[in-house]
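Structure at a glance
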Amino acid sequence: MKIRWILLSFIVLVSCAKEDKKSERQEKLQSAQAVQVVFENVPDFVEATGLVQPDKDGTVKITARSAGTLQSIKVQVGEYVKRGQVLAVVKSPDTTDLYAQKLSLSAQLAQAERLLKLKEELYQVGAIPKSELMDAETNYRVLKAQLRGIEEKLKILGGGMGTSNIVSPMDGVVYQISAHVGDTVDQSTEILSIVNPSKVVLTALVHDRDLPKIKVGERVEFFVSTYPQRKFEGRVKYVSDVEDLDTHTVKVYIEPTEREPFKINMFFNIKILAGQKPYALIPKKALLYQNGKFYVYLLKEGRIIRKEIDFVKELEDGRVAVMGLEEGQKVLSNPMLEVTP
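First things first, this report covers the structure right here in the doc. (Residues numbered from 1 in each chain as written. Predicted model: local features only at pLDDT ≥ 70, side-chain atom pairs only at ≥ 80, totals over all residues. Heavy atoms only, no water.)

**A short note on unusual backbone geometry**
Positive phi values are uncommon outside glycine, yet His-248 reaches one of about 55 degrees. Tracing the backbone shows His-248 in the loop between strand 13 (227–244) and strand 14 (249–256). Judged by relative accessible area, which is 38%, His-248 ranks as partly exposed. The residue Asn-291 is not glycine, and still its phi comes out positive at about 55 degrees. Given the relative accessible area of 71%, Asn-291 is considered exposed. (Helix = DSSP H or I, 4+ residues; strand = E, 2+ residues; numbered from the N terminus. Buried < 20%, exposed > 50% of the residue type's maximum accessible area, 1.4 Å probe, protein only.)

**Describing the sheet that holds strand 3 (residues 59–63)**
Backbone hydrogen bonds hold the strands of a sheet together, and the pairing may be parallel or antiparallel. Across the sheet, which stays open at both edges, the 4 strands sit in the order 3-10-8-5 with antiparallel pairing between neighbours. Because the sheet does not close on itself, it has two edges, and the strands there are strand 3 and strand 5 (80–81). Relative to strand 8 (residues 172–177), strand 5 runs antiparallel, the two being bridged by 2 bridges. Counted as the bridge partner of Tyr-80 is Val-173 from strand 8. (Pairing = 2+ DSSP bridges.)

**Quick notes on the pairing of strand 19 (residues 319–323)**
In regular strands, side chains alternate between the two faces of the sheet. Where strand 15 (residues 267–283) lies against strand 19, 4 bridges are found, and the strand directions are antiparallel. Along strand 19, the bridge assignment pairs Ala-280 with Val-322. The pairing of strand 18 (residues 303–314) with strand 19 spans 4 bridges and is antiparallel. By the bridge assignment for strand 19, Asp-310 is matched with Met-323. Connecting strand 18 to the antiparallel partner strand 19 that follows it, the hairpin turn spans 4 residues, and Gly-318 within it adopts a positive phi of roughly 90 degrees.

Right, dumping it as structure tokens:
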């Protein structure tokens, strides 16, 4: 009899405890603070990093004018050069031969000129026939033309006695030096490159998932970390067809409207504005992060439901834009306090 009484008392106590917990949960649900999910248009943007690089249309690759050995390089990377300035010197057998020919032809031409004058004097006094005078004139003109041709070749090669000077074809900045003193070079060997500093593009490394937001020819607005208070504009010039498999990024080339503040090889962090898109907005404190995923707690028909969502971006007003929720749904505004782990 006593055992039965004890069991009955225990059952009653358990039932009361369950009722108390149920009542406590109901009170907690009723007191839980929830906010409605709203949708608003949020400026969409792509974040990227990159470099200011010369536009290929403003880049000139400098090669040797004749085959030989690179004897010296007269400039450094980043140096501003003027048109006609000597950039490098090549020791060239071709110019040695041409210079020897020039010296030989110069001597022959001087001799032919003296002979022509003598023939003219002899012809004037009737000592020689006209045909002999004409032969002297022809020989003089041929030698003079040959010498002029050799001199033009040396001029094109920038050549002196055994050397060929490589000169800049434009005003610009030395962007890259690809060869070294002592290298064997010819007309196909790129020695260095000169760029026009006013023609630059911004090469941004964009994650492949963001590429659908970027279209060639569209106007973009962007901000550069070096000038945080300035907004720049430009257009997407082209998008590379090659993806970096390690970083899953693709190079996107942006032609800025302004050129003056940008320096070649300047590093930048960039935000490319890509229009607006409607997103679900909730308070930042309503968002939970666990094991690499984002969650919210929905309040629905007296029940609390955990739901995984996708985080998009944080806004300046303390809210976050997310995907995976519907208009009008209610989420707990502070689940860390309102939901018992």
